[in-house]
Amino acid sequence: MSTLGIAVIGTGKMGADHVRRIGRTVGGARVVAVADPDGDRVKEVAGTLDGATAHTDPAAAIAAPGVEAVLIASPGPAHEEAILYALERELPVLCEKPLTPDPAGALRVMEAEQRLGRRLVQVGFMRRYDAEYVRLKELLDAGGIGRPLFLHCRHRNASSPSFFTSDMLISDSVVHEVDAARWLLGQEIAAVSVLSPRPTAAAPEGLSDPRLVLLETSGGAVVDVEIFVNCGFGYQVQCEAVGEAGSARIGDGHAMVVQSAGRWGGAIDQDFTVRFADAYDRQLRSWVAAAARGRVAGPDAWDGYAAAAVSEAGLAAARSGARAVVELAERPALYR
């Protein structure tokens, strides 16, 4: 089997992690081009790869010799342009969330795919590949706890980076719960409300952290999300589904509990790349296998668009203090 040549766009924390993963844990692929506006950083990353070319222009990397697929891990505002470059060359794309920062950009991506007549874009909602989330999805689909009524979600980070804003709590963090809820329940999000308690003393000035986000679904379920990005003690993602005939919870992280010297406890992951390492591996292996056949198989551009539309409503709700209705376009046939 031939080796899939990949261009990686963005060599920050996420991009560098994908480069490492392609080189060490994913078979059948290699990085042949990398791009980043930081010329020194992109040369440093390319220098660790055998024969990879370094570029400061994403279009140049996508057009580089040997590129057969594109992985986009640049900041969200740069995604649309890079995706459209890739689609012009009819290359499969794995794009880290968000697909685009706003629904209008996501609609333009879908329009480009529809002109091609096939789906080539996958969005990096890696929780769909996490073993615990997969088991919960299987349980819900089988009716194991009856009709779902609630999802109770917690999303906590030890601390937030210096550039993190109040809007990003919703658009960059809660967006994962948005996609997970849509996928787990098989329902769209119809409305969003956001409650903002007094910020934690650990939050940088001006950051409204934590927040409670309420999502109402088209099927009558309610999803509550505690987003707390400066909790101080570690990285936690938990989800409890409550149905008419039972409940199920994932994310407790109690694979091993140690009892010693009159105490008991376990370790708490400090970073999403640790908690979801296996999910990222599974996601990338699945994408590489599909891309080698000229297609994608995971969360698609519609999923990215729906998440962006919910995020837009969430931001409006946070600013107004009122419930915001999610406005969705009609779902194109290509994504049904």
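Below or above, wherever it landed, is the structure these notes cover. Keep in mind it's a predicted model, so treat the numbers as computed, not measured.

## Quick notes on the state of the cysteines
Under the criterion given, the structure shown has zero disulfides. We note that Cys 153 lacks a disulfide partner, and the nearest cysteine sulfur, in Cys 239, lies 4.0 Å from it. Judged by relative accessible area, Cys 153 falls into the buried class, the value being 7%.

## Concerning the pairing of strand E12 (residues 246-250)
Bridge analysis of strand E11 (residues 236-243) against E12 gives five bridges, and the strand direction is antiparallel. In the sheet register, Glu 240 faces E12, and the bridge partner there is Arg 249. Between E11 and E12, which follow one another and run antiparallel, lie two residues.

## Focus: helix H7 (residues 166-185)
For H7, built from 20 residues, the straight-helix expectation of 28 Å at 1.5 Å per residue is met to within 8% by its first-to-last C-alpha distance of 27 Å. If you look at H7, its biggest bend is around 50 degrees, right at Val 174. Among the 20 residues in H7, 18 count as buried, and that is most of the element. Remark: Gly 186 follows H7 within two positions and exhibits a positive phi of approximately 65 degrees.

## Here we look at the layout of surface pockets
As a volume, the largest pocket reaches approximately 1,200 Å³. Going through the elements one at a time, helix H1 (13-24), H7 and helix H10 (301-320) are the ones with two or more residues in the lining of the largest pocket. In terms of residue count, H7 provides more of the lining of the largest pocket than any other element does, six residues in total.

## Topic: the nonpolar core
Ile 6 and Trp 287 are the most contacted members of the largest nonpolar core, which totals 105 residues. Among the elements that take part in this core, H7 stands out by supplying eleven residues, more than any other. With near-sequence residues (within four places) excluded, Trp 287 lies in contact with Ile 6, Ala 69, Val 70, Leu 71, Pro 92, Val 93, Leu 94, Gln 122 and Val 296.

## Regarding the packing of helix H6 (residues 131-141) against H7
Where H6 meets H7, the closest approach of the two axes is 9 Å, and the angle between their N-to-C directions is 35 degrees. Within the contact between the two elements, H6 uses Tyr 133, Val 134, Leu 136, Lys 137, Leu 140 and Asp 141 and H7 uses Ala 180, Trp 183 and Leu 184. Split into classes, the residues belonging to the contact of H6 with H7 amount to seven nonpolar, no polar and two charged.

## Concerning the packing of helix H5 (residues 103-116) against H10
One way to put it is that H5 packs onto H10 with a least axis distance of 8 Å and a crossing angle of 165 degrees. In terms of axis orientation, H5 runs roughly antiparallel to H10. Crossing hand, H5 versus H10: left-handed. Contact residues: Pro 103, Ala 106, Leu 107, Val 109, Met 110 and Glu 113 in H5; Ala 301, Trp 302, Tyr 305, Ala 308, Ala 309 and Glu 312 in H10. In terms of residue class, the contact of H5 with H10 is built from ten nonpolar, no polar and two charged.

## So, unusual backbone geometry
Cis peptide bonds are those with omega within 30 degrees of zero, and the linkage from Lys 97 to Pro 98 qualifies with -5 degrees. For Pro 98, the position within the fold is in the loop between strand E5 (93-95) and H5. At the junction of Asp 209 and Pro 210, the peptide bond is cis and its omega measures out at 10 degrees in the coordinates. Relative to the helices and strands, Pro 210 is located in the loop between strand E8 (189-195) and strand E9 (211-217). Positioned with a positive phi, Glu 90 is a non-glycine residue whose angle comes to about 55 degrees. By the element assignment, Glu 90 lies in the loop between helix H4 (79-88) and E5. Classification of Glu 90 as partly exposed rests on a relative accessible area of 41%.

Rules used in this analysis
- Residues numbered from 1 in each chain as written.
- Predicted model: local features only at pLDDT ≥ 70, side-chain atom pairs only at ≥ 80, totals over all residues.
- Heavy atoms only, no water.
- Disulfide = S-S within 2.5 Å.
- Buried < 20%, exposed > 50% of the residue type's maximum accessible area, 1.4 Å probe, protein only.
- Pairing = 2+ DSSP bridges.
- Helix = DSSP H or I, 4+ residues; strand = E, 2+ residues; numbered from the N terminus.
- Expected span 1.5 Å × (residues − 1).
- Bend = angle between axes of the 7 residues up to and from the residue.
- 1 Å grid on protein atoms, 1.4 Å probe; cavity = no way out; pocket = protein on both sides within 12 Å on 5 of 7 lines; lining within 4 Å.
- Points joined across faces, edges and corners; volume = space filled by probe spheres on them.
- Core = buried A, V, L, I, M, F, W, Y, C linked by side-chain atoms within 4.5 Å.
- Contact = heavy atoms within 4.5 Å.
- Axes fitted to C-alpha atoms, helices over the stretch in contact; angles between N-to-C directions.
- Nonpolar A, V, L, I, M, F, W, Y, C, P; charged D, E, K, R; others polar.
- Parallel < 35°, antiparallel > 145°, perpendicular 65-115°, else oblique.
- Left-handed = near helix turned anticlockwise from the far one by under 90°.

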